[in-house]
Amino acid sequence: MDDVMVIAQNTASRVLRMKALYFLLAIVICIIASGQLYGDITVGREKEYSLDLGFAMTMIVGVLCALVTCFDLPRELREKTMVAVLSKPLGRDRYLIGKFLGVCEITLISMAIVGVGMLVLTAMAGQFRPNLEIIKALILVYCAVVQLAAVGIVLGTFLKEWLATLLALVTFWGSYALGYVAANTTSTILQKIIYLLPNFAIMGSDNVVARGGIIEWRLVGGGVLLTAVYSLIMLIVAGLIFRRKDIA
Amino acid sequence: MSFEKCLYFVRQNPLTEPSDNHIIETQGLTKVYNRWFGFRMTEAVSGLDLKVPPDCTFGFLGPNGAGKTTTIKMLLGLVRPTRGGGRVLDRPLGNQEVRKRIGFLPEEPAFSRHLKAREFLTLCAKLSHVEPDEQKKRVGEALETVKLSHRAGSRLSEFSRGMLQRIGIAQALLHDPTLLILDEPMTGLDPPGRREIKEIMQNLRQREKTIFFSSHILSDVEELCDSIGILNQGRLVLSGPILDLLGTAGVEYTVTNMPATLLPTIEPLVAGMQKRNDQWILQVAEKPNQEKVRRILSDGGCSDIESHRLQKNLDDVFMETIEADNERRGKETQHG
């Protein structure tokens, strides 16, 4: 397991050295802070608006971090940094798991920074007190982003950076749309097919919290389990593709 | 396992028995790259039968695009062979465990440039399964070997090509491998850089490591190697101990006070002749002519005759081999 953690740590440290990440985090915190001003023109819905904006920004940061999986693998392959690493006694599966864990780690750190920023700013404005429901909603948002990272790993094993990123974004958009289709369709076959794809709509409980609703622990547990299973399946698929790949 | 599967397995791994003391052994190793969904096929390596004895420095030569790097990547399991197979350190190609005993320097020393030299080597030590309490010591030793201890705290992005090459060798040495595979270790280096890498390789040879390295800098290969293999357009065209392959290019006679009357008789038999003061230097290529010249000189009254064998240089052998192979291929294509 040590070598997996080495890859994870190296991936995370490389992302942490990207100046763009800090710029993004600063911008996002500024947007959340400015949300307090825009909230005043929403005629009595400033609390929902501020929290919605906070969740949206956390998700954007999470998605952008998760997309690292889409371009990190093709970039390492193109720049040939992968050659030296994979010539070590490290299985390709373990390399992929390390990459995935590294991205999950960096996504968690970034989302935690934005999430804490959101909680502090909304609390300072007197709109919301930090509560467990917000944490639960953030956990679900994180689960959705982890699934996206897992999809990114699969796409990154066989596509170019731009195409993998584009397809991951389409998956992200489509997974919300498909979630709503699955909820509203009467066809069980269609429902089953849709549930083979990542279903982020299950995770979209942030608006419930913004309106003062409660998220059941059952839903959080289900979301975490679904993410674990889905990520595992994606990693197996990525591993099968990556094992056959020539590191030329 | 079905018969078809067995057959497929045997075709993919024809060398299922342990090799007879060869560090590297391949049989019919072939790599075909398919591009455009199989519409464009490039045979990078074709039916390669290679044997590398232990405890030697083996030079893997060939012009650009001959398939050297593809072969090395197949040996390391980075590229999957299309056909054929082989064994490295008595394990099938691509075996993960065997990589613990192999050190590899890639053709382009592309490493994580954001890391400092010591950080990078520590990362490699962890990936090479070096014991945690040994890692610091091994990293220090490897930096010492490649003479980069003073730059241990510098980022790799600040390193020159030569320094990166040396760091590449250091990462290959960390786990004290039995076999070192170096892909073009001297390419792109200036003369002092080349000399340093050669010194490192000579030191490693003294430590009884088997070194397999690819290069097209023939003078370096001639200086460093015990055995060579020449690859041309994916095929191994010559292989063996370097001294056997270089053979002799003839004999050079140095004759003092040779009578001028012998010149017309000798001239047609020699490949080259030169006069220096009172000495004649005669180069004779073919064996029958060597005997004839020797007899003429003895019978002609020349008592002071020195002779020594002229050895071919690798440059000549390489060019002759490549040209002969290209010619043969040309004929094959015409007839085919």
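Residues numbered from 1 in each chain as written. Chains lettered and ligands numbered in written order. Predicted model: local features only at pLDDT ≥ 70, side-chain atom pairs only at ≥ 80, totals over all residues. Heavy atoms only, no water.

Undergrad: Would you take a moment to explain the overall build of chain B for this structure?
TA: Counting its regular elements, chain B contains eleven helices and 14 strands. For 336 residues, the compact-globule formula gives about 20 Å, and the C-alpha radius of gyration of chain B, at 25 Å, lies well above that figure. In terms of principal-axis extent, the alpha carbons of chain B reach across some 80 × 60 × 40 Å. Per-residue burial over chain B gives 48% buried out of 336 residues. (Helix = DSSP H or I, 4+ residues; strand = E, 2+ residues; numbered from the N terminus. Rg over C-alpha atoms; globule rule 2.2 N^0.38 Å. Buried < 20%, exposed > 50% of the residue type's maximum accessible area, 1.4 Å probe, protein only.)

Undergrad: Just checking my understanding: could you explain the overall build of chain A for this structure?
TA: Along chain A, the regular secondary structure elements total eleven helices and zero strands. When the helices and strands of chain A are placed in sequence order, the string is α-α-α-α-α-α-α-α-α-α-α. Whereas a compact globule of 248 residues would reach a radius of gyration of roughly 18 Å, chain A reaches 19 Å, a difference of no more than 12%. Once the C-alpha set of chain A is aligned to its principal axes, its extents read approximately 60 × 45 × 30 Å. With 248 residues in all, chain A has 52% of them scored as buried.

Undergrad: Explanation requested: the interface of chain A and chain B in the structure shown.
TA: How big an interface is tends to be expressed through the accessible area that disappears when the partners come together. If you look at the interface, chain A gives 26 residues, while chain B gives 27 residues. Interface area for chain A against chain B, summed over the two sides, is near 2,500 Å², with a carbon-plus-sulfur share of 56%. When the area that chain A buries against chain B is broken down by residue, the three leading residues are Lys88, Pro89 and Asp246 of chain A, summing to 26%. Inspection of the chain A/chain B interface yields two salt bridges. A salt bridge links Glu108 of chain B to Lys80 of chain A; the nearest nitrogen and oxygen atoms lie 3.6 Å apart. At the level of elements, helix 1 (2-16) and helix 5 (81-86) of chain A are the ones that each hand at least two residues to the side of chain A that touches chain B. It is helix 1 of chain A that contributes the most residues to the side of chain A that touches chain B, six residues altogether. Across the side of chain A that touches chain B, the residue classes tally to ten nonpolar, five polar and eleven charged. (Contact = heavy atoms within 4.5 Å. Buried area = accessible area lost by both parts, 1.4 Å probe. Salt bridge = Lys/Arg side-chain N within 4 Å of Asp/Glu carboxyl O. Nonpolar A, V, L, I, M, F, W, Y, C, P; charged D, E, K, R; others polar.)

Undergrad: Could you clarify how one ought to interpret the state of the cysteines in this entry?
TA: Linking two cysteines covalently via their sulfur atoms produces the bond known as a disulfide. Taken as a whole and judged by the stated rule, the model has zero disulfides over all chains. Cys70 of chain A takes part in no disulfide bond, and the closest cysteine sulfur, belonging to Cys65 of chain A, lies 12 Å away. (Disulfide = S-S within 2.5 Å.)

Undergrad: Help me out: how do you make sense of the environment of Leu236 of chain B in this one?
TA: Residue and element names in this part refer to chain B. Along the polypeptide, Leu236 turns up in strand 10 (residues 235-241). Residues Leu236 and Gly47 lie 189 residues apart in sequence; the distance between their C-alpha atoms is 8.3 Å. Aside from chain neighbours lying at most four places away, what touches Leu236 is Leu48, Asp49, Leu50, Phe60, Gly229, Ile230 and Leu231.

Undergrad: Please explain the layout of surface pockets as it appears in this structure.
TA: Reported here for the second largest pocket is a volume of approximately 520 Å³. Residue assignment for the lining of the second largest pocket shows that the elements contributing at least two residues are helix 4 (68-79), helix 7 (132-158) and helix 8 (161-184) of chain A. (1 Å grid on protein atoms, 1.4 Å probe; cavity = no way out; pocket = protein on both sides within 12 Å on 5 of 7 lines; lining within 4 Å. Points joined across faces, edges and corners; volume = space filled by probe spheres on them.)

Undergrad: Would you explain the sheet that holds strand 9 (residues 227-232) of chain B in this entry?
TA: Paired through backbone hydrogen bonds, the strands of a sheet run either parallel or antiparallel to each other. Residue and element names in this part refer to chain B. The strand order across the open sheet built from six strands is 6-7-8-3-9-10, with neighbouring strands paired in mixed fashion. This sheet does not close on itself; its edge strands, each paired only once, are strand 6 (102-105) and strand 10. On average, each strand axis in the sheet is tilted by 15° relative to the strand beside it, whichever way the strands run. Bridging between strand 6 and strand 7 (residues 179-183) involves four bridges; their strand directions are parallel. When the bridges of strand 7 are listed, Gly103 appears paired with Leu180. Packing against the sheet, helix 6 (residues 191-206) makes contact with strand 3 (57-61), strand 7 and strand 8 (210-215), and its axis sits at approximately 150° to strand 8. The sheet strands contacting helix 11 (residues 314-335) are strand 3, strand 9 and strand 10, and the helix crosses strand 9 at an angle near 35°. (Pairing = 2+ DSSP bridges. Axes fitted to C-alpha atoms, helices over the stretch in contact; angles between N-to-C directions.)

Undergrad: I would appreciate a short explanation of the sheet that holds strand 2 (residues 40-52) of chain B in the present structure.
TA: All names here are of chain B. Strand order across the open sheet formed by four strands is 2-1-4-5, with antiparallel pairing between neighbours. Of all the strands in the sheet, just strand 2 and strand 5 (91-92) have a single pairing partner and so form its edges. As paired strands, strand 1 (residues 24-35) and strand 2 are joined by nine bridges and run antiparallel to one another. Bridge pairing links Lys31 to Val45 in strand 2. Relative to strand 1, helix 2 (residues 68-76) is tilted by about 115°, and along the sheet it contacts strand 1, strand 2 and strand 4 (83-88).

Undergrad: Please clarify how the nonpolar core should be interpreted in this entry.
TA: Within the largest apolar cluster, 150 residues are counted, with the highest numbers of intra-cluster contacts made by Tyr95 of chain A together with Ile167, Leu179, Phe212 and Phe213 of chain B. At 16 residues, helix 7 of chain A tops the list of elements feeding residues into this core. Dropping the residues within four chain positions of it, Tyr95 of chain A is found in contact with Ile7, Leu73, Glu76, Met82, Val85, Leu86, Leu90 and Phe242 of chain A. Counting residues in each nonpolar core, the second largest holds 16 residues, with Met258, Ile266, Leu269 and Ile305 of chain B among its members. (Core = buried A, V, L, I, M, F, W, Y, C linked by side-chain atoms within 4.5 Å.)

Undergrad: For this particular structure, what's the right way to read the pattern of salt bridges?
TA: Side chains carrying opposite charge are able to pair once their charged atoms draw close together. A complete count under the given rule lists 32 salt bridges over all chains for this structure. Note that Arg94 of chain A and Asp3 of chain A form a salt bridge whose closest N and O atoms lie 2.9 Å from each other. Of this pair, Arg94 of chain A sits in helix 6 (residues 92-124) while Asp3 of chain A sits in helix 1, and the two are 91 residues apart along the sequence. By relative accessible area, Arg94 of chain A is classed as partly exposed at 28%. Arg329 of chain B is paired through a salt bridge with Asp325 of chain B; the nearest N and O atoms lie 2.8 Å apart. Here the residue Arg329 of chain B and the residue Asp325 of chain B both occupy positions in helix 11, the gap between them amounting to four residues, near one helical turn. Taking the relative accessible area as the measure of exposure, Arg329 of chain B reaches 12% and is therefore buried. Among the residues examined, Asp325 of chain B registers a relative accessible area of 3% and is labelled buried.

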